[in-house]
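Survey of secondary and tertiary structure
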Amino acid sequence: MIKILIADDDRIKTGNIVRAISDACKQDDIEIITVADAFSAKKNMLQAQYDILILDIYLPNRHGDDPAIENSL
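Predicted model, so just to flag it, every value in this text is computed and none were measured.

1. Observations regarding the sheet that holds strand 1 (residues 2-7)
By definition, the strands of a sheet pair up through backbone hydrogen bonds, in either a parallel or an antiparallel sense. The strand order across the open sheet built from three strands is 2-1-3, with neighbouring strands paired in parallel fashion. Looking along the sheet, the strands with just one partner apiece sit at the ends: strand 2 (30-35) and strand 3 (52-55). Taking the axes of each pair of neighbouring strands and ignoring which way they run, one obtains an average angle of 15 degrees across the sheet. Alignment of strand 1 against strand 3, held across four bridges, turns out to be parallel. The residue bridging isoleucine 6 from the neighbouring strand is isoleucine 54, located in strand 3. Set on the sheet, helix 1 (residues 11-24) makes contact with strand 1, strand 2 and strand 3; between it and strand 2 the angle comes to about 175 degrees.

2. Looking at the pairing of strand 2
One ladder, built from six bridges, connects strand 1 with strand 2; its direction is parallel. The residue of strand 2 that forms the bridge with leucine 5 is isoleucine 33.

Calculation criteria
- Residues numbered from 1 in each chain as written.
- Predicted model: local features only at pLDDT ≥ 70, side-chain atom pairs only at ≥ 80, totals over all residues.
- Heavy atoms only, no water.
- Pairing = 2+ DSSP bridges.
- Helix = DSSP H or I, 4+ residues; strand = E, 2+ residues; numbered from the N terminus.
- Axes fitted to C-alpha atoms, helices over the stretch in contact; angles between N-to-C directions.
- Contact = heavy atoms within 4.5 Å.

Right, dumping it as structure tokens:
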């Protein structure tokens, strides 16, 4: 099983990424987790091991914050 974490605050882009991955892989072979802020991404990465991280380079630190490049570093 491949575990993928997608960190992106654009729901449309996230949906497109999830569909592209799902179309390319068998559903049983992947687990996709999506988050919309840097805090949630860090929290998920501390709780589980992921094979792939797809990271938006301009994320808010927490839900409701303004996006900033420093949050993805």
